[in-house]
Amino acid sequence: MSYPMYLVDAFVDQPFSGNPAGVCIVDKEPPAGWMQNVALEMNQAETAFVHKRADGSWDLRWFTPQVEVSLCGHATLAAAHALWLHAGETVATLEFHTLSGRLAATRVGDEIQLDFPSDFPQFIAEVPPVLLQLLGDQPQWFGQGRDDLIAVVDSADAVRNFVPNAEQIASFTSRGLILTAPGDAGSGLDMVSRFFAPKVGINEDPVTGSAHCLLACYWGHRLGKTHLRAQQASPRGGLLTLDWQGERVLLRGKARTMLSGEFQG
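It should be emphasised that the depicted structure is a prediction, and the values quoted were computed from it without experimental measurement.

Within the chain, the regular secondary structure consists of six helices and 17 strands. For the chain, whose C-alpha radius of gyration is 18 Å, the value lies close to the compact-globule estimate of 18 Å for 265 residues. Among the 265 residues that make up the chain, the fraction classed as buried is 57%. By sequence separation, contacts in the chain at least 24 residues apart represent 61% of the contacts at least 6 residues apart. Carbon and sulfur atoms form 50% of the exposed surface of the chain, whose accessible area is close to 11,200 Å².

As structure tokens, this is what we get:
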């Protein structure tokens, strides 16, 4: 059997930026083991698998090279882009059924807007000694979201210059670590971040939509804002526009198809 397969850069601001995701369009839900093997073969941070329901909505699942995940923003954006550009979808809003419930993707000009659940982090007083060693100082704030830890540091430069150690980060995380700081003065950015998830096979993720469900809540509350501009300062980098609406976060970004073909499997 062969299935349409696309490699899509999500949350791009220029060529060869953003976060690449595989998107595989299937005619029915395959076995989980097969999807996991395909994700390992693709060797991207996530590969999305979509198939259409009778009512016109889509089932969507995401796999890293090692595990299935419950929420992935950039691969959802990539899947929506592929369905509109390559699979003949014409509806303005795509509805997805996922492990995190119903998600939606809507065209907004040349961007795609994702409707995701908020992730409110809870303060943790005791910072893991390994993280203190990595940071070289006490973070401004430390907390736990649904899946990820968040450490807030003083400056965007401290985020950009941070040198991660995958083994050490894996020792105290359940999924990932978000490192974040206020945006640079005059940049128009509200926040800068990086995301590390070696526990699930991603030493550093280029742009992480699900992490920004937590970041929107933290920075929205701290800054007293509901409309935020974010940069993930990975080596590839990416830009996101966030609208925090209480229990939901709307994430917007652009996508670009880099490869298209068929997966022979």
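Back to the write-up after that little detour.
What follows is about helix α6 (residues 209-223). Helix length check: α6, at 15 residues, gives a terminal C-alpha distance of 20 Å against a target of 21 Å (1.5 Å per residue), a fit within 8%. Along α6, the sharpest kink reaches roughly 25°, centred on L215. The element α6 is largely enclosed, with a buried count of twelve among its 15 residues. For α6, the set of buried residues is G209, S210, A211, H212, C213, L214, L215, A216, C217, Y218, W219 and G220. Looking one or two residues past α6, G224 carries a phi angle of roughly 70°, positive in sign.

Throughout the structure, instances matching the rule amount to 16 salt bridges. D9 is paired through a salt bridge with R236; the nearest N and O atoms lie 3.1 Å apart. Of this pair, D9 sits in strand β1 (residues 2-12) while R236 is found in the loop between β15 (227-232) and β16 (238-245), placing the two residues 227 residues apart along the sequence. D9 sits in the buried class, given a relative accessible area of 4%. We classify R236 as partly exposed; its relative accessible area is 29%. We note a salt bridge from D157 to R160, for which the minimum N-O separation is 3.5 Å.

A separate point is the environment of V163. Along the chain, V163 turns up in the loop between α4 (156-161) and α5 (166-170). Looking at V163, the relative accessible area reads 64%, which means it is exposed. Between the C-alpha atom of V163 and that of M5, which follows or precedes it by 158 residues, the distance is 34 Å.

Note that soluble globular proteins tend to have their nonpolar side chains buried in a common cluster. Of all hydrophobic cores here, the largest spans 56 residues; its most connected members are W62 and F96. Core analysis: the second largest hydrophobic core is formed by 19 residues, V127, L134, A156 and F172 among them.

With that settled, the discussion passes to the side chain of H51. With respect to the element layout, H51 can be found in strand β3 (residues 47-52). With near-sequence residues (within four places) excluded, H51 lies in contact with V26, D27, K28, E29, S57, W58 and D59.

With that settled, consider empty space enclosed by the protein. By the definition in use, this model includes three cavities of 30 Å³ or more. Space inside the largest cavity adds up to approximately 80 Å³. E46, R175, F195, T208 and S210 are, among the 15 residues lining the largest cavity, the residues nearest its centre. Among the elements of the structure, α2 (73-86), β13 (191-197), β14 (202-205) and α6 are those that each provide at least two residues to the lining of the largest cavity. Classifying every residue of the lining of the largest cavity by side-chain character gives seven nonpolar, five polar and three charged. Each pocket or cavity is described by its volume, and for the second largest cavity that value is around 70 Å³. Lining the second largest cavity are S70, L71, S100, D119, R146, D147, D148, R175 and S210. In terms of residue class, the lining of the second largest cavity is built from one nonpolar, three polar and five charged.

Conventions adopted
- Residues numbered from 1 in each chain as written.
- Predicted model: local features only at pLDDT ≥ 70, side-chain atom pairs only at ≥ 80, totals over all residues.
- Heavy atoms only, no water.
- Helix = DSSP H or I, 4+ residues; strand = E, 2+ residues; numbered from the N terminus.
- Rg over C-alpha atoms; globule rule 2.2 N^0.38 Å.
- Buried < 20%, exposed > 50% of the residue type's maximum accessible area, 1.4 Å probe, protein only.
- Contact = heavy atoms within 4.5 Å.
- Areas by Shrake-Rupley, 256 points an atom, 1.4 Å probe, with all protein chains shown as cover.
- Expected span 1.5 Å × (residues − 1).
- Bend = angle between axes of the 7 residues up to and from the residue.
- Salt bridge = Lys/Arg side-chain N within 4 Å of Asp/Glu carboxyl O.
- Core = buried A, V, L, I, M, F, W, Y, C linked by side-chain atoms within 4.5 Å.
- 1 Å grid on protein atoms, 1.4 Å probe; cavity = no way out; pocket = protein on both sides within 12 Å on 5 of 7 lines; lining within 4 Å.
- Points joined across faces, edges and corners; volume = space filled by probe spheres on them.
- Nonpolar A, V, L, I, M, F, W, Y, C, P; charged D, E, K, R; others polar.

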